[in-house]
Structure formats: C-alpha cells, structure tokens
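Structure at a glance
Listed here are the chains, written in short residue letters.
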Amino acid sequence: MLMRSWLALAQLQNLSNQANSAVNSLKTCLKIATDNFGDDFFLSRAYYELGKAYSNTGDYKNAYIAFLKYDVLKDS
C-alpha cells in the first residue's frame, strides 16, 4: 500500500506540473516496490508516470528508459 500511495502522489504531481517532485516521489515508490514486487500492473504504472515526469523535465534519455520498462511490464 505504501508503494501505491507514493504512486498516487506522483500522479497528482505530474498533473500539477510538478515534474521534479514527481520524479522524486516515483524514485521512492520504486525503491519500495523493488523488482520482486509481484504486481506488474502497479509497477508498470510507476514507470509510465516516471517516463512522463522525466519527459516534462526535459530528461528524454531517462524518459525513454522508463517507458521501455513500462512496455516490458505492461506486456507481461
């Protein structure tokens, strides 16, 4: 539930044009989730939001990497 709370906060920050805050929240979210999280749906949502946040900050390299992870997870 803690991971989902950080994800929800980051989604709100993305909607409020607070991309840097969203990146920080999503980094915390992903630290909590780890790769063994077991819920690919919410993990994919976190990487999707991270890609949007990085894109909004102009960090397109990290946005691309986050979207690649999102694509792998959403297809699993």
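Up top is the structure.
This text gives an overview of the structure that appears in the document.

Rules of the game
Residues numbered from 1 in each chain as written. Predicted model: local features only at pLDDT ≥ 70, side-chain atom pairs only at ≥ 80, totals over all residues. Heavy atoms only, no water. Helix = DSSP H or I, 4+ residues; strand = E, 2+ residues; numbered from the N terminus. Rg over C-alpha atoms; globule rule 2.2 N^0.38 Å. Patch = residues over 30% accessible without salt bridge, like charges linked within 9 Å, V, L, I, M, F, W, Y side chains within 5 Å. Areas by Shrake-Rupley, 256 points an atom, 1.4 Å probe, with all protein chains shown as cover. Salt bridge = Lys/Arg side-chain N within 4 Å of Asp/Glu carboxyl O. Axes fitted to C-alpha atoms, helices over the stretch in contact; angles between N-to-C directions. Parallel < 35°, antiparallel > 145°, perpendicular 65-115°, else oblique. Left-handed = near helix turned anticlockwise from the far one by under 90°. Contact = heavy atoms within 4.5 Å. Nonpolar A, V, L, I, M, F, W, Y, C, P; charged D, E, K, R; others polar. Buried < 20%, exposed > 50% of the residue type's maximum accessible area, 1.4 Å probe, protein only.

Observations regarding the overall build of the protein
Assigned secondary structure in the protein consists of four helices and zero strands. Starting at the N terminus and walking to the C terminus, you meet the elements of the protein as α-α-α-α. In summary, the protein has a C-alpha radius of gyration of 11 Å against a globular reference of 11 Å for 76 residues, a match within 12%. Its C-alpha atoms give the protein principal-axis dimensions of about 30 × 25 × 15 Å.

Re a nonpolar patch on the surface
On the surface, Tyr64, Ile65 and Leu68 cluster together into a nonpolar patch covering about 290 Å² of accessible area. In this fold, Ile65 is placed in helix H4 (residues 60-74).

What about the packing of helix H2 (residues 19-33) against helix H3 (residues 40-57)?
As a packed pair, H2 and H3 sit with axes 9 Å apart at the nearest point and diverge in direction by 155°. Taken as axis vectors, H2 and H3 run roughly antiparallel relative to one another. Handedness of the crossing formed by H2 with H3: left-handed. Across the interface between the two elements, Ala19, Asn20, Ala22, Val23, Leu26, Lys27, Cys29, Leu30 and Ala33 from H2 touch Leu43, Ala46, Tyr47, Glu49, Leu50, Ala53, Tyr54, Asn56 and Thr57 from H3. Partitioning the contact of H2 with H3 into residue classes produces 13 nonpolar, three polar and two charged.

Let's talk about unusual backbone geometry
Despite not being glycine, Asn17 has its phi angle at roughly 60°, a positive value. Given the relative accessible area of 68%, Asn17 is considered exposed.

Describing the pattern of salt bridges
Counted by the stated rule, this structure contains four salt bridges. With a closest N to O distance of 3.8 Å, Arg45 and Glu49 form a salt bridge. With a gap of four residues between them, Arg45 and Glu49 both fall in helix H3, about one helical turn apart. With a relative accessible area of 24%, Arg45 lands in the partly exposed category.

Structural measurements only, silent on function.
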